[in-house]
Structures are given as structure tokens and as C-alpha cells.
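Each chain, letter by letter, is given below.
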Amino acid sequence: MGKYTSLRDQLTIEEKAALIHASTFFNSGYVERLGIPGLKMNDGPNGVRQEFEPDSWRPIGDTADLVTWMPSNTCLASTWSRELAEKFGEVLGEEARGRGKDVILAPGINIKRTPLCGRNFEYMSEDPVHAGEIAVPLIKGIQKNDVAACVKHFALNNQELERLLVEAKVDEKTLQELYLPAFKKACLEGDSYSIMGAYNRANGEYCCNNKHLLVDILRDMWNYQGVVVSDWGGVQETEATIDHGVDIEMSIFDAFDDYFLANPVIKLVKEGKVSEEKLNERVDRILTLLEKLHVGEPEHKQGSLNTKEHQDVIEEIAEEGIVLLKNDKNHLPISPVREDGTYKKVLVVGDNATRNNGLGGGSSEIKMLYAITPMLGLNMTRGGDVSYKWLPGYYLDNEDELSINDEWQASSLETQEQVKSGEKEGSYADLVKEMVMFAPEETRDEDAIKKDYEERILPHREAYKKAVLDAIPDYDEVIFIGGLNHSFDVEGYDKKSITLPYAQDELIEAMADAAGDKLTVVIMCGSAVEMPWIDKVHSLLQLSYAGQNGGLALARILYGDVNPSGKLPETYPIKLADTPTEKYNSYPGEIGPEGHRVCEYTEKLMVGYRYYETEKVDVLFPFGYGESYTSFAIENCSNTITGALGNGLSIEVTGNLKNTGDREGKEVIQLYVGLPESDQPVKLLKDFVKVEAKPGEAAPFSMTLDESDLETFDTDKNSFSAKSGTYHLYMGTSVRDIVYDVEVEL
């Protein structure tokens, strides 16, 4: 027994209940009598969120919570680097401890099922192997610092639209093979000390009291021993949650004693309707976590904030997370000088060139020490002699929507005050059911909308575009930096389309006509967007929200100080209508007979590249795609099989990556498998490795599969197994760029 676990039997029922629900908006309960502290938690994925007052959603307003703004999970996943993922985790863990936190609510690893999901920028991939392989070292990096990772959101949180009510309906095979493997890796291989239950329902039950997810799978099948934390307001009832739900209830209301796992639990235990053993199980896990984190011990790590080492790491991640999508005329990297040796004039266009995109998006918003925008990064990199001019290019007609997205939490507290004052009838349970999300609503009639468009929006758009087109002839280089922002990539609601907002498509096409080969387009986004102008643009980069050094990283890529090596963690379709959820009409679901939205995952396993490859659908850019300023050849590929199915099977695939260009660079080699079952996608990612090679060098690489990599879920046996038959091995630099294709009999 440890320092805290030895105290469990001394706790009263009231004290046990105190430990399993919040005492402030970001702290779990404590027992002062026995010196048991609460767990101090905080968001999240992109750095440690600013401090709020204990019982309101007002920031405390000082400068002690300025932190390193880290790249988004999508940017990290675009590196395809396990090494950088671990460094990312180390920085996040050190900064969380530096702020006195015990639990950091990260990483987010839900599958990118549709590009419309507003929270995709917080997630990693459309593939569970890719997401899991990045999540595991990230979690280990966090937890080196006496901070618990809290992997989220478990499970099937694949849309923000009505996320507090929607029911995801998915068959068991799809659940086990597509939506759970990354969580399984995070819990078992990463040993994530905690996991967060999602808001949504899953096959009939809310995720935070879902017996199948939390007991049958998490506890019994995986034997997970960590702490399960609810999303904030994710608990909806007491008895079902006590029977098979989360360990700690968190919420957005300050009526802490009225939480479902607070006074209602005490009452049920004393009435004999709930076994005290249910409390003991939760308390034991919480006390064990306090001991794992060395809370109150001399060896408790102190962490650090805003160090030069942290800044160097996140810049490296940002650099390797930038994806070169097109360079068919080899215009990139840009030369800062003309042929006569004089310095160039560069026109930079687009709101994202100057916008700080760390200040929004919902719970991932960051109060950062500094932010280097792309425009600042360009000036920092080649600002001494190169002449820059910035123009907005496109007009943001919804600037007011880019504020920090805490309004839904504040509005819920207003409802609570109405209940307290008697102005409105209800209980804490009613408050939870009435939680609202902030989303801009159109309240104007058609005439007002038309008038606003004609009198405000269109004149601004035309004037901005004219200024750009008039300026282009005077400049040697034209760099457009546009895409999305956090009124589209945002927690709480989904995008209505994947078309670039603010009439950017028309602007880019006009710029391409005017600028020709001297145009470089940079699209900043957290998930796939359409690019109808793709045939007219010859230099194209994709930039996820890349943290406080993202603008500097982009400039270093543009000028060739760094060779791009990022790869897409999701497919970019030609148009939204090509996506599987559109083809299967399986998003956003319909209102069911019980009054809430039901989203049936009728596409089953056919998500992302699995669908596009199996159905042979043309795409804009395939999963795993990304170019380089150098060239590579994959040579001397072979495979070696030892053992057999059921008897220590191992398949090793080896080769050499030869750099055939004139610059040092990195390439991601990807290994896909085609399974013998007819109901499976034609290709499934199973492993990858990032290899560095100097010009002329042939760097060896290898990847190894075992039997578990070939298993599929048998619903009759409720277990995974591999089938005998013909397997395909596909190896290449994207799911479509395959250089090695062989069949093996197993």
C-alpha cells in the first residue's frame, strides 16, 4: 500500500464521493482531513490552456499562464515521426508540470471520419494505426514529467454537430477494427494514465456511462487500470454511471455538490441502492494515480515553461509537419535574389499571413508567450534585403466569430443562475440536458442578407482583389497564405462545406492567371479542403495550425533552409460529394424516434483512403502523400517470413532509400497490407518509417509485422484472429505511390 492508497479505508462515504467529482472547473475533489489532494487538470492538445477562476469561466487575467503554443495534433501527425511525437509529449508534459498540473487533456485521437468535423484539427488521422503510432510516444513523453495524459474522446466522437446529443450507431466489427485500435494502443502500449469519455451516445448509451465501451472493452477486454474522466458535462445520470461509468465527473457548472457523482451518490449508497464497493473501485484508481504522479513527494518533478529547448522542438515539429503538395515546375524553394544578383520584391497576400490562429478553436485556444505569423517569419528569415508587402487579399465577413469560443460555457452558467433564482424551473440534471454550444446563427431575413452582401461584403471583396491584381506586376514573387481559421476549424460545430471561405477560390484563380509561375499558394487548414484551381497553381504547400513558431517554419521551408518532409494524415478528395459519408449518406444522421439525432455508420470500414482505394475513386491528394525538394528511389526491396500463423509469425520488409537528388532529405516509407477476407478494404496501413538520406546515399530501412497486424475481429468469437490465405504487401511513399507489391501465402 502506498501513501494515498493506504488511506482508502479511513474515508467516509462523503469523502469518497468528494474524490469522484470536480471541486472546481479543472480540479477533482480532495479530502483535507487526510491530506488527499485533488487532481489538477487542464486542456490540452496545443499547450496548457490559460487559468480560469475556480467557479466561473472568467480568465484570471495575469501573465503567469503564458505558455508555449504548440503545433496542432494534425500538424504533429503530418510529420509521421515517432521521435518528434515523443519530444512533443515531453514539452507538453514539462509545461503542464510547470503550471502545476497533474493531468493534461491530450492527445485527441478520434478518427477523421468526415472532413466536415469542426474538431478535426485537434485529431491526428483518418487511420487508426497512424494515429496510434503517433499517440503512444506522445503519451510516454508527457508522462515522463509526472503528468498523466488523458487520451480523448472515448469513443466515436467523430462529429461536433449536436455532439452533446447525437447517437453514433456502429457495428461491432467496425468499432473494433477502425474506431478503437488507436485508443487500445494509447492505453496498453502508451500506458495512458487516464482517458476521457466522450459527450455523444454510442449504440444507445451515453459514452460516459456506456457499459460496452467502459466495462466490456476498456476494463475487461483490455484490462485497463487507469482513471476514466468525463468530458465536461458528459455525465447524464447517476445510477448507470455508478454501475459502469466514468471514475471522475467533470462539468461546466459550479453546482459541484449537485453533480451526478456527488450528493446523489451519497444518498444512493446510504439507502443501500448502490454498493460502496463501486465507490471504492473509483477511489482506488484515483489514489493510485496520485501515487504514480508522485504528488506530494520530494521527487515530484517541477516542470518548466517557455524554454529555448521547447521552442526549438516545436519549430522542428512545425517544419516537418508542413506538406509540399505540388512543385511541378520546381519553383520552390524560392530564391531571394534575381538572376542579376539583386534582391527580389515579394508580395504576400492573405489574412492567414498575419493572423494569430492560436487564440481560438474552443478548448484548444492558447494564451501564448508569443506568436510568429507567416509574415513575421518571412521578415525574420530574409527581411534584411528582400522587400515585402502584405495585402489582405480576401475580406473576412465574420470577424466577430473568431473570438475565443467560451460563450457556450458562460451561457450555460446563465441558465444555472436562472434556476437558482427561481426564474426557471429545473435541477442539475435538467441543466446538463440543456447545455448549449456556441455557434453563429443567422437571424436576418433574406433581404437583409442580400443587402449586407451587396453593400458590405461584395464591395470589400472586389476592392481587396483589385488591390492584389494591380500589385502583382510589380513583384518578383507572390505568396498567397489563406485557407481556414477558427471560425471553421472549431470545437462545437461542424463545417457546412469544404469549400474555402471568403471567395478565396475565385481570388486564387485570378492570382494564378495574373502571376503565373511566380505564385506560391499556402493553405492553412485542419482538415481537407477543395481546390478547384489546382491545375493553375504549380507551387502549393499545406500548413496545419503549426504553433507559435509556425510562421518561421513556413518561411524556412519556402526559402529552402529546410527540406519539406511532411505527409498528409488524411485524404484530400476532389470534392465533398466524393467522400464516403456523402456517398453512403451517413452524415450527419437523422432525428430518431427518441428525439435525438442518430448517425448510422453505414460506410462501415470504408473511411478515408480505405474507401477511395477500394472503390478506385480519384482524389486530389492521397493519404500519406507529400513531396520533397530532392528526389528518392526505393531499391532492393524484399520480404522475409519466419514462423507461421499461430506459431510466431514475423514478416520483415526491407529495402534502401536512395537520395537521387542534390539535397539532404527525409522520406516516409509506408507499408500497407491487403487481407484475404472479401469484406476488407484493399489496403490497410500497418507500419511506416521515416528515413533520412544525404545526396547519393542509400539508407537501409526495415519494417516488421507480426500476426496481430493481420488480425480482424470475429464477432462470433468476440476476439481478433488472422485467417489463412493470400496476403498482399504494398510498400510506397503514399497509399497510391506503391513501389513494391507482392503476394504471400500464409
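Predicted, not measured: the structure shown is a model, and the values here were computed from it. (Residues numbered from 1 in each chain as written. Predicted model: local features only at pLDDT ≥ 70, side-chain atom pairs only at ≥ 80, totals over all residues. Heavy atoms only, no water.)

Q: Which residues make up the overall build of the protein, and what are the values?
A: For the protein, the helix and strand inventory stands at 19 helices and 27 strands. Since a compact globule built from 746 residues should have a radius of gyration of about 27 Å, the 26 Å found for the protein is in line with a globular shape. Once the C-alpha set of the protein is aligned to its principal axes, its extents read approximately 85 × 70 × 55 Å. Taking all 746 residues of the protein together, 62% fall into the buried category. Of all intrachain contacts in the protein linking residues separated by at least 6 positions in sequence, the fraction that spans at least 24 positions is 76%. Carbon and sulfur atoms form 47% of the exposed surface of the protein, whose accessible area is close to 26,900 Å². Treating the 76 positive side-chain charges of the protein as one cloud and the 128 negative ones as another, the clouds have centres 1 Å apart. (Helix = DSSP H or I, 4+ residues; strand = E, 2+ residues; numbered from the N terminus. Rg over C-alpha atoms; globule rule 2.2 N^0.38 Å. Buried < 20%, exposed > 50% of the residue type's maximum accessible area, 1.4 Å probe, protein only. Contact = heavy atoms within 4.5 Å. Areas by Shrake-Rupley, 256 points an atom, 1.4 Å probe, with all protein chains shown as cover. Lys, Arg positive; Asp, Glu negative; His and termini not counted. Charge placed at Lys NZ, Arg CZ, Asp CG, Glu CD.)

Q: Could you give an account of the pairing of strand β12 (residues 477-483), naming the residues involved and the relevant values?
A: For β12, a buried count of seven out of seven residues is recorded, marking the element as mostly surrounded by other parts of the structure. Neither face of β12 is open: one carries E477, I479, I481 and G483, the other V478, F480 and G482, and all of them are buried. Sheet analysis places strand β10 (residues 345-349) next to β12, joined by four bridges and oriented parallel. Among the inter-strand pairings, L347 is bridged to a residue of β12, identified as V478. As paired strands, β12 and strand β13 (residues 519-524) are joined by six bridges and run parallel to one another. By the bridge assignment for β13, F480 is matched with V521. In this fold, the crossover linking β12 to β13 by way of helix α16 (residues 504-515) has right-handed handedness. (Pairing = 2+ DSSP bridges. Right-handed = clockwise from strand over helix to strand, strands pointing away.)

Q: Any chance you could break down the environment of G560 for me, citing the residues and the numbers?
A: On the secondary structure map, G560 appears in the loop between α17 (550-558) and β15 (572-573). Taking relative accessible area as the criterion, G560 reaches 13% and is therefore assigned buried. Residues G560 and P333, spaced 227 residues apart in sequence, show a C-alpha to C-alpha distance of 4.9 Å. Ignoring anything within four residues of it in the chain, the contact list for G560 reads P333, Y629 and R663.

Q: Before we move on, can you summarise the side chain of E249 with the specific residues and values?
A: Along the chain, the position of E249 falls in the loop between α8 (239-244) and α9 (263-270). Although E249 lies buried, it forms no salt bridge, and the closest oppositely charged side chain, R282, sits 9.3 Å away as judged by the N-O distance. In this structure E249 touches I20, H21, A22, S230, V235, Y259, F260, L261 and Y428, once residues within four positions along its chain are discounted. (Salt bridge = Lys/Arg side-chain N within 4 Å of Asp/Glu carboxyl O.)

Q: I'd like a rundown of the pattern of salt bridges, residues and numbers included.
A: One pass over the full model with this rule turns up 58 salt bridges. Ionic pairing is found between E276 and K16, a salt bridge with its closest N-O pair at 2.6 Å. Remark: K16 occurs in helix α1 (residues 13-19) and E276 occurs in helix α10 (residues 276-292); sequence separation between them is 260 residues. Among the ionic pairs, R285 bridges to D247, the shortest N-O distance being 2.8 Å. Taken together, the residues R285 in helix α10 and D247 in the loop between α8 and α9 connect sequence positions 38 residues apart.

Q: How would you sum up the sheet that holds strand β21 (residues 665-674)? Please name residues and give values.
A: Spatial ordering of the open sheet is given by β22-β21-β26-β27, a layout of four strands whose pairing is antiparallel. What marks the edges here is a single partner per strand, and that holds for β22 (684-693) and β27 (738-745). Between one strand and the next, the sheet's axes are offset by a mean angle of 15°, whatever the strand orientation. In terms of strand pairing, β21 meets β22 through nine bridges, oriented antiparallel. Along β22, the bridge assignment pairs I669 with V689. (Axes fitted to C-alpha atoms, helices over the stretch in contact; angles between N-to-C directions.)

Q: Explain the sheet that holds strand β14 (residues 539-543) residue by residue, including any values.
A: Across the sheet, six strands lie side by side as β9-β14-β13-β12-β10-β11; this open sheet has mixed pairing. What marks the edges here is a single partner per strand, and that holds for β9 (323-327) and β11 (387-391). Mean inter-strand twist for the sheet, computed between neighbouring axes without regard to direction, equals 20°. Direction of pairing for β13 relative to β14: parallel, over a ladder of four bridges. Within the sheet, the bridge partner assigned to M524 lies in β14 and is L543.

Q: Break down the packing of helix α3 (residues 82-98) against helix α4 (residues 128-143) for me, with residues and values.
A: The geometry of a pair of packed helices is captured by two quantities: the angle between their axes and the separation between those axes. Running from amino to carboxyl end, α3 crosses α4 at an angle of 35°, the nearest separation of the two axes being 6 Å. Along this stretch, α3 crosses α4, giving a crossing that reads as right-handed. In this structure, α3 uses R82, A85, E86, F88, G89, E90, L92 and G93 to contact α4, whose residues at the interface are E133, I134, P137, L138, G141 and I142. A per-class count over the contact of α3 with α4 returns seven nonpolar, three polar and four charged. (Left-handed = near helix turned anticlockwise from the far one by under 90°. Nonpolar A, V, L, I, M, F, W, Y, C, P; charged D, E, K, R; others polar.)

Q: Residue-level account of helix α5 (residues 172-179), with values.
A: Here α5 lies mainly inside the structure; seven of its eight residues are buried. All buried positions along α5 are accounted for by K173, T174, L175, Q176, E177, L178 and Y179. Where the residues of α5 are buried, they touch α4, α6 (181-188), α7 (211-221), α19 (609-614), β24 (712-714) and β25 (719-721). At the N-terminal boundary of α5, the capping side chain belongs to D171, with an oxygen 3.2 Å from the backbone nitrogen of K173. (Polar contact = N/O pair within 3.5 Å; in protein donor to acceptor, adjacent residues only side chain to side chain.)

Q: So what about the nonpolar core? Which residues, and what values?
A: Taken as a class, soluble globular proteins show a tendency for nonpolar side chains to be buried jointly. I36, F154 and W232 are the most contacted members of the largest nonpolar core, which has 128 residues in total. Counting residues in each nonpolar core, the second largest holds 67 residues, with L396, I472, M524 and L568 among its members. (Core = buried A, V, L, I, M, F, W, Y, C linked by side-chain atoms within 4.5 Å.)

Q: I'd like a rundown of the packing of aromatic side chains, residues and numbers included.
A: Considering all chains together, one arrives at 23 aromatic pairs under this definition. For the ring pair F25 and F256, a centre distance of 5.9 Å and an interplane angle of 65° mean the geometry is edge-to-face. Here F25, found in the loop between α1 and β1 (41-43), pairs with F256, found in the loop between α8 and α9; they are 231 residues apart in sequence, far enough to count as distant. Since its relative accessible area comes to 1%, F25 is described here as buried. (Phe/Tyr/Trp six-rings, centres within 6.5 Å; stacked < 30°, edge-to-face > 60°.)

Q: Before we move on, can you summarise helix α15 (residues 446-471) with the specific residues and values?
A: Counted at 1.5 Å a residue, the expected span for α15 with its 26 residues is 38 Å, and the 36 Å between its end C-alpha atoms agrees. Next to the buried residues of α15 lie β10, β11 and α16. (Expected span 1.5 Å × (residues − 1).)

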